[in-house]
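These are the residues of each chain, in order.
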Amino acid sequence: MFTIMLKAKLHMARVTHAVLNYEGSCAIDGELLDMSGIRENEQVQIYNVENGQRFTTYAIRAEEGSRVISVNGAAAHLAGVGERVIICSYAHYSEAELENHQPALVYLQEGNAISHTSHAIPVQMA
C-alpha cells in the first residue's frame, strides 16, 4: 500500500506575475525549485491565501535568483500579482519509506526571499 504525503512546500510565496496568454503552469525561481525538491513539470497544488482558491497545475523553471512566482494560463484568473500562495507537491510513499519521510518546507518572506527551511510542520496548539 502507498500513502500520499506532502513532499514539498513553498510557504507564503508572493505571486510576481499572472500571465493569462501563456501556455499554462506556474513558473518558479529555479533556486526555490531546487531547494524544495520540486521538479520541472511536476504537478503542484496552489492554495491562494488571499481568496481561498485552490488549483492544480505544474511547475516550470524560472530564472535562478529571480524570485519569480508566475501563475500562467487559466490559473492567472485564480491568483493575482501580490497575492500570497502556498505551493505544495505530494508523492506516493510505501510503508517502508514513511518511516524516514520528511517533507522539504521552504518558508518565504517579502520579495520571495527565503526566511528559513524545515522538515516538520509545527504542532498546532489549541
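1. Concerning the overall build of the chain
Thought 1: Within the chain, the regular secondary structure consists of two helices and nine strands.
Thought 2: Reading the chain from its N terminus to its C terminus gives the helix and strand order β-β-β-α-β-β-β-β-α-β-β.
Thought 3: For 126 residues, the compact-globule formula gives about 14 Å, and the C-alpha radius of gyration of the chain, at 14 Å, lands near that figure.
Thought 4: With the C-alpha coordinates aligned to their principal axes, the bounding extent of the chain is approximately 45 × 30 × 30 Å.
Thought 5: Taken over 126 residues, the chain has a buried fraction of 44%.
Thought 6: Restricting to contacts in the chain with at least 6 residues of sequence separation, those with at least 24 account for 77%.

2. Remarks on the pattern of salt bridges
Thought 1: With the rule as written, the count across this model stands at eight salt bridges.
Thought 2: Between Glu42 and Lys7 there is a salt bridge; the shortest N-O distance is 2.8 Å. Of this pair, Glu42 sits in the loop between α1 (30–36) and β4 (43–48) while Lys7 sits in strand β1 (residues 2–14), and the two are 35 residues apart along the sequence. Here Glu42 matches Lys7 in class, with each residue buried.

3. Looking at the sheet that holds strand β6 (residues 69–72)
By way of backbone hydrogen bonds, the strands of a sheet pair with one another, either parallel or antiparallel.
Thought 1: Read from one edge to the other, the open sheet built from nine strands follows the order β2-β6-β3-β5-β4-β7-β1-β8-β9, with strand pairing classed as mixed. Taken across any chain shown, the strands that pair with only one partner, and hence form the sheet edges, are β2 (17–19) and β9 (113–118). This sheet shows a mean twist of 30 degrees between the axes of neighbouring strands, independent of strand direction.

4. Considerations on the nonpolar core
Thought 1: Membership of the largest hydrophobic core comes to 21 residues, with the highest contact counts inside it found for Leu10, Ile28, Ile38, Ile46, Ile69, Val85 and Ile87.
Thought 2: For this core, the secondary structure elements donating two or more residues are β1, β3 (26–29), α1, β4, β5 (54–62), β6, β7 (84–94) and β8 (104–109).
Thought 3: Broken down by element, the residue count for this core peaks at three residues, all from β1.
Thought 4: With residues near it in sequence (within four places) discarded, Leu10 still touches Ile28, Leu32, Ser36, Ile38, Val85, Ile86, Ile87, Val106 and Leu108.

What counts as what
- Residues numbered from 1 in each chain as written.
- Predicted model: local features only at pLDDT ≥ 70, side-chain atom pairs only at ≥ 80, totals over all residues.
- Heavy atoms only, no water.
- Helix = DSSP H or I, 4+ residues; strand = E, 2+ residues; numbered from the N terminus.
- Rg over C-alpha atoms; globule rule 2.2 N^0.38 Å.
- Buried < 20%, exposed > 50% of the residue type's maximum accessible area, 1.4 Å probe, protein only.
- Contact = heavy atoms within 4.5 Å.
- Salt bridge = Lys/Arg side-chain N within 4 Å of Asp/Glu carboxyl O.
- Pairing = 2+ DSSP bridges.
- Axes fitted to C-alpha atoms, helices over the stretch in contact; angles between N-to-C directions.
- Core = buried A, V, L, I, M, F, W, Y, C linked by side-chain atoms within 4.5 Å.

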